[in-house]
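Descriptive analysis of the structure
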Amino acid sequence: MVNPHVLLGGGTGFVGTALKQILLNKGYDVTIISRMPGAGRVTWFDICSSGIPTGVTAVVNLAGQNVLDPTQRWTPGFKQNVWNSRVNTTQTLAKAIKNASERPSVFATISGVGIYNPSSEKEYDENSEIGPSFDFLSKLALEWENVAHLPSELGVRQVIIRSGVVLGRHGGMIKQMYIPFFFGLGGPIGNGKQYLPWIHIKDLCNMFIFAIENKNVSGVLNGVAPQVITNQEFTSAFASAMNRPAFFRVPEFVLDMMFSKERAKIMTEGQKVIPNRVKELGFHYEFPCIEDAAKEVSKFFYKAEKPL
């Protein structure tokens, strides 16, 4: 019996590394799309020139420059890199699938909850209306999803997972804030009342596998945990898991200065996002509550090469 074969864009990143490991553990063959050639890899140039490899049963794209990279200023050049790393890679894969003689059964891509306008009152599920764009990040998410679209006559099932903040020990927000919290210097952002749509990295990876393996899954899924929390509630849970205080509030203007106001909105504003379709389809969360997720990602010792 031939193993299912996943072509994975962004397979060396924070989420991609974890998803690759889970897929391999489940007996999948995985080919990574990378900028550099190597064993078990193809390059983006290969995809453009030769199309998707033979035998691929699912294509997943997680590629994307880290928007909150603290070493990068929010310049037009960096914004273009953020755009290209998401929109252009997704467009490349969509085109390759359209032109393939043997097409995969499913094309799953990631997007972000930044497509929803931040609000302290409005609730968003997968059926909520979106658009028009209201800032760079919402414009990015709209175009990101738009270029992933495939004509229905191709017979390729499509899934878009709009991810919240991904919690994992070896990357993302947790990696950046671990040291301040470890030394008791952590705290909420601003007044802490803004919503924080979140998901544990293992649940996000499992959601992609759920989408790959279940033929009845298609369309948009909100890649967030079922528990709605605020930034203050996250801070309390994480500090408690580390047995540390969390008194040092981070003023919004500090983040506006560090990241620019447009980018800092990811942290200073939030959306109330509900995964209604995810629950209706019967997906099982391993970390539905922030307390359990915080305990898992607060461990001091971990192996970077084994993200889960």
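Description of the structure in this document. (Residues numbered from 1 in each chain as written. Predicted model: local features only at pLDDT ≥ 70, side-chain atom pairs only at ≥ 80, totals over all residues. Heavy atoms only, no water.)

1. Notes on the pairing of strand S1 (residues 5–9)
Along S1, five of the five residues are buried, which leaves the element largely enclosed by surrounding structure. Neither face of S1 is exposed, since His-5, Leu-7 and Gly-9 on one face and Val-6 and Leu-8 on the opposite face are all buried. Of the pairings in the sheet, the one linking S1 to strand S2 (residues 29–34) comprises five bridges and is parallel in character. Of the residues in S2, the one forming a bridge with Leu-7 is Thr-31. In this region the chain leaves S1, passes through helix H1 (residues 14–25) and returns to the parallel neighbour S2; the handedness of that crossover is right-handed. Where S1 meets strand S4 (residues 58–61), four bridges bridge the pair, whose relative direction is parallel. Directly across from Leu-7, in S4, lies its bridge partner Val-59. (Buried < 20%, exposed > 50% of the residue type's maximum accessible area, 1.4 Å probe, protein only. Helix = DSSP H or I, 4+ residues; strand = E, 2+ residues; numbered from the N terminus. Pairing = 2+ DSSP bridges. Right-handed = clockwise from strand over helix to strand, strands pointing away.)

2. What to know about the packing of aromatic side chains
The tally for this structure, following the rule as stated, stands at eleven aromatic pairs. Their ring planes at 70° and their centres at 5.4 Å tell us that Phe-210 and Phe-283 sit as a pair that is edge-to-face. In this pair, Phe-210 sits in helix H6 (residues 201–213) while Phe-283 sits in the loop between helix H10 (276–280) and helix H11 (290–297), placing the two residues 73 residues apart along the sequence. For the residue pair Phe-210 and Phe-283, the accessibility class agrees, reading buried in each case. Consider the rings of Phe-283 and Tyr-285, whose centres lie 5.0 Å apart with planes at 85°: the pair is edge-to-face. Looking at Phe-283, the relative accessible area reads 10%, which means it is buried. Overall, Tyr-285 belongs to the buried group, its relative accessible area being 9%. Taken together, the aromatic side chains of Tyr-178, Phe-181, Phe-182, Phe-183, Phe-234 and Phe-238 make up a single cluster linked through ring pairs. When the ring centre of Tyr-178 is taken as reference, the NZ or CZ atom of Arg-169 above it lies at 3.7 Å. (Phe/Tyr/Trp six-rings, centres within 6.5 Å; stacked < 30°, edge-to-face > 60°. Lys NZ or Arg CZ within 6 Å of the ring centre and 35° of its normal.)

3. Quick look at the nonpolar core
If you look at the biggest cluster of nonpolar residues, it comprises 45 residues, and the most contacted ones within it are Leu-19, Val-60 and Phe-208. Here the element with the most residues in this core is H6; it accounts for nine residues. Ignoring anything within four residues of it in the chain, the contact list for Phe-208 reads Leu-19, Val-60, Leu-62, Ala-108, Thr-109, Ile-110 and Ile-161. (Core = buried A, V, L, I, M, F, W, Y, C linked by side-chain atoms within 4.5 Å. Contact = heavy atoms within 4.5 Å.)

4. With respect to the sheet that holds strand S10 (residues 219–223)
With parallel pairing, seven strands are arranged side by side in an open sheet as S3-S2-S1-S4-S5-S7-S10. At either end of the open sheet lies a strand with only one pairing partner, and these are strand S3 (41–43) and S10. In this sheet, neighbouring strand axes are inclined to one another by 20° on average, regardless of whether the strands run parallel or antiparallel. Bridging between strand S7 (residues 157–163) and S10 involves five bridges; their strand directions are parallel. Among the inter-strand pairings, Arg-162 is bridged to a residue of S10, identified as Asn-222. In the packing of helix H4 (residues 136–147) onto the sheet, the strands contacted are strand S5 (106–112) and S7, and the crossing angle to S5 comes to about 175°. Strand contacts of H6: S1, S4, S5, S7 and S10, with the helix running at about 165° to S7, the strand carrying the most contacts. (Axes fitted to C-alpha atoms, helices over the stretch in contact; angles between N-to-C directions.)

By themselves, these observations are geometric and do not establish any function.
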